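# Remarks on the overall topology
So the chains spell out like this:
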Amino acid sequence: MSQPKPFAISKRAVWEAYKRVKANRGAAGVDGQSIEEFEQNLSGNLYKLWNRLASGSYMPPAVRRVEIPKASGGTRPLGIPTVADRIAQMVVKDALEPILEPCFHADSYGYRPNKSAHDALAVARQRCWRADWVLDVDIKGFFDNIDHTLLMKAVRKHTDCKWIMLYIERWLTAPVLLPDGTLQARDKGTPQGGVISPLLANLFLHYTFDTWMTRHFSVIGFERYADDVVIHCKSLQQATLLRERLKERLAACKLEMSPSKTKIVYCKDGGRTGDYPEFSFDFLGYTFRPRKAQNKEGVTFLSFLPAISGRAAKAIRQKVQDWKLHLRPQTSMQEIAGWINPVLRGWLTYYGRFYRSALYPVLAYIDLNLLKWAKHKLNRLRRSLRRATNWLERVRHRQPGLFAHWRFAHVR
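Residues numbered from 1 in each chain as written. Predicted model: local features only at pLDDT ≥ 70, side-chain atom pairs only at ≥ 80, totals over all residues. Heavy atoms only, no water.

### Brief notes about unusual backbone geometry
If you check the backbone angles, N114 has positive phi at about 65° while not being a glycine. Its location among the elements puts N114 in the loop between α4 (83–100) and α5 (117–130). Although it is not a glycine, Y355 sits at a positive phi angle of roughly 50°. Structurally, Y355 can be placed in the loop between α12 (333–351) and α13 (360–377). (Helix = DSSP H or I, 4+ residues; strand = E, 2+ residues; numbered from the N terminus.)

Laid out in structure tokens, this is it:
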């Protein structure tokens, strides 16, 4: 007869965690094992993981560091756990999230069930119409600088479950395997890319920012998506005071407000006649700034509205360029559509929610690349851009649903 395990972690919990990790896909960790390779001995691998978790002997392997380009320039470090470690983290996340979720602030939107970036953007748009000023906050290297002692204090405030606390502590201190092959010890931060990291980050900022705002500035509205924070102020004086107070608060929690990226913005529109050098800010891939709008009577006026940001549009154009469609003349149009449509639908769904006309030039760029492909594929179109344009327009007219963006807007 087998001995009972010290921790009451069920095999069902590990199985459910595996299914979620499989659905999320993801790259291989330090062991190079893909989800497909993990599944070659699925029952054995899951049993071994469960046995170690339930016995308290599970030790997280190092996290693989990769650098991904940021839209603003430079790179962002991601930490890629192994498949088994992602499943283990999901087990803890599934146990901890239902405890934390009811405690979180209504205006915290990132990585939460039934909340989205679009929700945050919609609320921000409404509040920009009501309040004249925005404090756009940037926290310098947030994920890399979370203080472990303060974070564990927050975890213990919500649970006394020994295995949850044990494994979170182990994940926080698991080393990082750098691209040059060296191991880097960690005494602060939680790696972006980990399954448990977004939940821990939300918990940390819940006490660092959300509850602090509720306690000291309860009448001021804000939207927070992970570490992206927009705060709505009634006056320049209020925004300036809040910036200084928040700088002190972050420092007390061992975080730093970026002085160059944190800014006060005037939400200028047709009814706001004041002058201020900053009148736009970026939030979740959208730029908020004065834009022309129409009311129900068709009268044009100036409003403060979000639309796809220049950085996001540039990133999309770069992605389209990287496809190198003109180098695929042997590929049929239907094959290209099947390949790129899932990506196009993602862009249209996300960036087409607000002020969709700002997306039209980006969609025109996609058609420009389709024209280049057509000119390389069909000899009769090579010498004439007009002929190629007319040909593509006829295809679009006959098959308006072939490419996802063709139904979204008539792009010429």
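### With respect to the state of the cysteines
The full count for this structure, using the stated rule, is 0 disulfides. In this structure C103 is a free cysteine whose sulfur lies 16 Å from that of C161, the closest cysteine sulfur available. On the accessibility criterion, C103 (39% relative accessible area) is partly exposed. Take C267: it sits in no disulfide, and the sulfur closest to it among the cysteines is that of C128, at 4.0 Å. (Disulfide = S-S within 2.5 Å. Buried < 20%, exposed > 50% of the residue type's maximum accessible area, 1.4 Å probe, protein only.)

### Let's talk about the pairing of strand β3 (residues 133–138)
Among the 6 residues that make up β3, 5 are buried, leaving the element largely enclosed by the rest of the structure. For β3 and strand β7 (residues 228–233), the ladder comprises 6 bridges, and the chain directions are antiparallel. Considered in β7, the bridge of D136 is made with V230. The sheet contact formed by β3 and strand β8 (residues 263–266) spans 4 bridges and is antiparallel. Note that in β8 the partner of D136 across the bridge is K263. (Pairing = 2+ DSSP bridges.)

### Some details on the pattern of salt bridges
Any two side chains of opposite charge can pair, on the condition that their charged atoms come close. Inspection of the entire model under this criterion finds 18 salt bridges. For K22, the salt bridge is made with E39, and the minimal N-O distance between the two is 2.8 Å. One end of the pair, K22, is in helix α1 (residues 11–24); the other, E39, is in the loop between α2 (35–38) and α3 (42–55), and 17 residues separate them in sequence. For the salt bridge of E97 with K93, the shortest nitrogen-to-oxygen distance reads 3.4 Å. (Salt bridge = Lys/Arg side-chain N within 4 Å of Asp/Glu carboxyl O.)

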